[in-house]
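Fold and geometry: a report
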Amino acid sequence: MDALTGREFESLQLHKTYNMTAYQAVMYLMIIHNIIIVFFLYLLGIKKLKTMIKKFLPKIFHGNKSLSSRWFVHYEDENGHRRRKYGNINSFNTIEERMLAAQKIVSELKLQQTIRFASQFEKQILRELKQKESTWRKKTYQCKRSKLKIFFDWTRGKELTKETVNAFFFDYLTNERKIKESTYNDYIRHIKNALSWHNKEHLMEDIKKRKANCVPAQYFTESQRSFLIGVLKKENPDLWFAVQFVYYCFIRPRSELTFLKVGDIILEDKRILIPAKIAKNGKQEYVAIPDAFFPIVQRKISGKNPNEYLFPGRWGGKIGLNTYGKQHRLLLKRLGFDTDRYKLYSWKHTGAVAAVRAGISLKELQIQLRHHSLDQVDAYLRQLGVADLWNLQKNFPSITE
């Protein structure tokens, strides 16, 4: 092989250098390309909805701002089809007027897309909520769904941002609806949980729980109880029957009583079965029917189909969840009672207080209340402002004896 001249050698070296530089450039481009792919995969995975919205954002075509060109707004619909919208853009004779007309169309399209994507997000959240339904009690699921629906109804047509979420909690829930602290905290818990399914809980960073004073419904005094019983017996016998289940058996009026069936009452044992699917703690339990109440129950259900609801609706099935609560509230309001303090649930507290005063042991009361411990019963009575001191009050010796 002939030896290379100096110029040939330099040319060969330059060629190698060029090839190496080109190779490095390709490698750098591949690295950049991979970084871009990873970045877009990240956006698609964590910020999928935001990416989709950006993809379909409308843009103005103006032919380099030429009045001789036909201007339009082009965008992609939800199916990926390219669309054009001309509107009245080309009826204007100046660039400024055309730009304003085009921007108006862009704003309208953005609003439509925001509503469409928000609707898709809402449907996805509610669909996922439905999939989790079997893991909750029916009342819990209904509560979650109700609050999420209110949230999405209010935010519909708005971009889901921190500002929008803040406005929902501060302007709507606080200033307009003036909801209680405990209900406000329920909204926080349910909405934040749902948003976390799509890594959007950061939208609620500014929303803090409020200190809630959980004051239970007030129990009725003996004079109040006597007066109300007279009115109930005369005006609404069905509500009076329901009230007695709450008073004697401590059955929750909304979530348990309305779902009870005739067959859940076991007359031979003087007991009532509370099925797990309606019980607050999700466990099947029994409560006793006191002798003072038993004859009334026996007479009411005698000869009825065990598969019928204990409190049937007007057109069949069970009575509405809020029917008796609403009837009782309207009755109290008409009679001048403070319906923030006195409720249908007050009859449960009234029964518990009467049981303690009658000398029923806390252990028996615990079983009937279906509380998990005596400490819980004690805390419950103290919360009502009741202490087991009647025996002490009656028998405490006089200082003069």
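The structure under discussion appears in the preceding block.
Everything in this summary refers to the structure shown in the same document. No experiment lies behind these values; they were computed from the predicted model shown. (Residues numbered from 1 in each chain as written. Predicted model: local features only at pLDDT ≥ 70, side-chain atom pairs only at ≥ 80, totals over all residues. Heavy atoms only, no water.)

**A closer look at the overall build of the protein**
Put simply, the rule is: Where helices and strands are cited, they refer to DSSP runs of H or I of at least four residues and of E of at least two residues respectively, numbered from the N terminus. The rule is simple: take the accessible area with a 1.4 Å probe, protein chains only, and divide by the maximum for that residue type; under 20% is buried, over 50% is exposed, in between is partly exposed. We call two residues in contact when some of their heavy atoms are within 4.5 Å. All accessibility values rest on the Shrake-Rupley procedure with a 1.4 Å probe; residue burial counts only the protein chains present in the view.
Summing up its helical and strand segments, the protein has 14 helices and 6 strands in all. A buried classification covers 32% of the 401 residues belonging to the protein. Expressed as a percentage of contacts within the protein between residues at least 6 apart in sequence, the contacts between residues at least 24 apart total 57%. Carbon and sulfur atoms make up 53% of the accessible area of the protein, which totals about 25,700 Å².

**Digging into helix H11 (residues 346-357)**
Defined as follows: Helices are assigned an expected span. That span is 1.5 Å times one less than the residue count.
Between the first and last C-alpha of H11 there are 17 Å, a value that for 12 residues agrees with the 16 Å anticipated at 1.5 Å per step. By the criterion of burial, H11 is predominantly enclosed, with 10 of the 12 residues buried. Three or more residues of H11 are buried, namely Ser 346, Trp 347, Lys 348, His 349, Thr 350, Gly 351, Ala 352, Val 353, Ala 355 and Val 356. Directly after H11, the chain includes Gly 359, whose backbone phi takes a positive value near 90°.

**Section: the nonpolar core**
Let me state the cut-off plainly: In this description, a nonpolar core means a group of buried Ala, Val, Leu, Ile, Met, Phe, Trp, Tyr and Cys residues linked to one another through side-chain atoms lying within 4.5 Å.
Core analysis: the biggest nonpolar cluster contains 39 residues, and Phe 245, Ile 251, Ile 272, Phe 311 and Trp 347 have the highest contact counts within it. Of all elements in the fold, only helix H7 (222-235), helix H8 (237-249), strand S5 (271-274), helix H9 (294-301) and helix H10 (323-334) reach the threshold of two or more residues within this core. Counting residues per element, this core draws most heavily on H8, which supplies 9 residues. In this structure, Phe 245 is in contact with Phe 250, Ile 251, Leu 257, Ile 265, Ile 272, Phe 293, Val 297, Leu 310 and Phe 311, ignoring residues within four places of it in sequence.

**Concerning the packing of aromatic side chains**
How we decide: Centre distance within 6.5 Å is the pairing criterion for rings of Phe, Tyr and Trp, where only the six-membered ring of Trp is used; planes under 30 degrees apart are then read as stacked, over 60 as edge-to-face, and the remainder as tilted.
Scanning the model with the defined rule gives 22 aromatic pairs in all. Geometrically, the ring pair formed by Phe 241 and Phe 245 is edge-to-face, given 5.0 Å between the ring centres and 75° between the ring planes. One end of the pair, Phe 241, and the other, Phe 245, are both in helix H8, 4 residues apart, so they sit about a helical turn from each other. Measuring from ring centre to ring centre gives 5.9 Å for Phe 245 and Phe 311, while their planes differ by 80°; the resulting arrangement is edge-to-face. Placement of Phe 245 in helix H8 and of Phe 311 in the loop between H9 and H10 is noted, with a sequence separation of 66 residues between them. Judged by relative accessible area, Phe 245 falls into the buried class, the value being 0%.

**What to know about the environment of Leu 195**
Turning to its location among the elements, Leu 195 is positioned in helix H6 (residues 181-196). Residue classification places Leu 195 among the buried positions, given a relative accessible area of 2%. Ignoring any residue separated from it by four or fewer positions in sequence, one finds Leu 195 in contact with Phe 121, Leu 160, Lys 200, Glu 201 and Met 204.

**Some words on the sheet that holds strand S2 (residues 72-76)**
For clarity, the cut-off: Two strands pair under a simple rule: DSSP has to find at least two bridges between them. The axes used here are C-alpha line fits, helices contributing only the stretch in contact, and every angle between their N-to-C directions lies in the interval 0 to 180 degrees.
Ordered by their spatial adjacency, 3 strands build an open sheet running S1-S2-S3, and the pairing between neighbours is antiparallel. With partners counted over all chains shown, the strands left at the sheet margins are strand S1 (59-61) and strand S3 (82-85), one partner each. Each strand of the sheet is rotated relative to its neighbour by a mean of 35°, with strand direction disregarded. Bridging between S1 and S2 involves 3 bridges; their strand directions are antiparallel. Each bridged residue has a counterpart across the sheet, and for Lys 59 the counterpart in S2 is His 74.

**Things to note about the pattern of salt bridges**
Once the charged atoms of two side chains with opposite charge are near each other, the side chains can pair. For clarity, the cut-off: Salt bridges, as used here, are contacts in which a Lys or Arg side-chain nitrogen is within 4 Å of a carboxyl oxygen on Asp or Glu.
A complete count under the given rule lists 11 salt bridges for this structure. Among the ionic pairs, Asp 186 bridges to Arg 189, the shortest N-O distance being 3.0 Å. Here the residue Asp 186 and the residue Arg 189 both occupy positions in helix H6, the gap between them amounting to 3 residues, near one helical turn. Classification of Asp 186 as partly exposed rests on a relative accessible area of 23%. As a salt-bridge pair, Glu 256 and Arg 252 come within 2.8 Å of each other at their nearest N and O atoms.

**Some words on the environment of Asp 77**
Tracing the chain through its elements places Asp 77 in the loop between S2 and S3. Sequence separation between Asp 77 and Leu 109 is 32 residues; the distance between their C-alpha atoms is 9.9 Å.

**Things to note about the packing of H7 against H8**
Applicable threshold: Every angle not falling under 35 degrees, over 145, or within 65 to 115 is termed oblique; those three ranges are roughly parallel, roughly antiparallel and roughly perpendicular. The classification used treats Ala, Val, Leu, Ile, Met, Phe, Trp, Tyr, Cys and Pro as nonpolar, Asp, Glu, Lys and Arg as charged, and all other residues, Gly among them, as polar.
The N-to-C vectors of H7 and H8 enclose an angle of 140°; their axes lie 6 Å apart at closest approach. One way to sum up the angle between H7 and H8 is to call them oblique. Where H7 abuts H8, its residues Arg 225, Ile 229, Leu 232, Lys 233 and Glu 235 lie against Pro 237, Leu 239, Trp 240, Val 243 and Tyr 247. Looking at the contact of H7 with H8 residue by residue, the classes come out as 7 nonpolar, no polar and 3 charged.

**A look at the sheet that holds S5**
Taken together, the 3 strands give an open sheet; going across it, the order is S4-S5-S6, and neighbouring strands pair in antiparallel fashion. Pairing within the sheet leaves two strands with one partner each, and these edge strands are strand S4 (265-266) and strand S6 (285-288). Strand direction decides the pairing type here: S4 and S5, joined by 2 bridges, are antiparallel. For Ile 266, the partnering residue across the bridge sits in S5 and is Arg 271.

**Topic: unusual backbone geometry**
A positive phi is found at Lys 65, a non-glycine position, where the angle reads about 55°. Relative to the helices and strands, Lys 65 is located in the loop between S1 and S2. Note on Lys 65: relative accessible area 47%, which makes it partly exposed. Backbone geometry at Asn 199 places phi at a positive 55°, although glycine is not the residue there.

**Digging into the side chain of Thr 164**
This is how it is decided: Polar contacts, as used here, are pairs of N or O atoms within 3.5 Å; protein pairs need one atom able to donate a hydrogen and one able to accept it. Residues neighboring in sequence count only if both atoms are side-chain atoms.
Secondary-structure assignment places Thr 164 in helix H5 (residues 162-176). Reaching out from Thr 164, the side chain makes a polar contact with the backbone oxygen of Glu 159 at a distance of 2.6 Å. Contacts of Thr 164, omitting those with residues within four sequence positions, involve Trp 154, Thr 155, Lys 158 and Glu 159.

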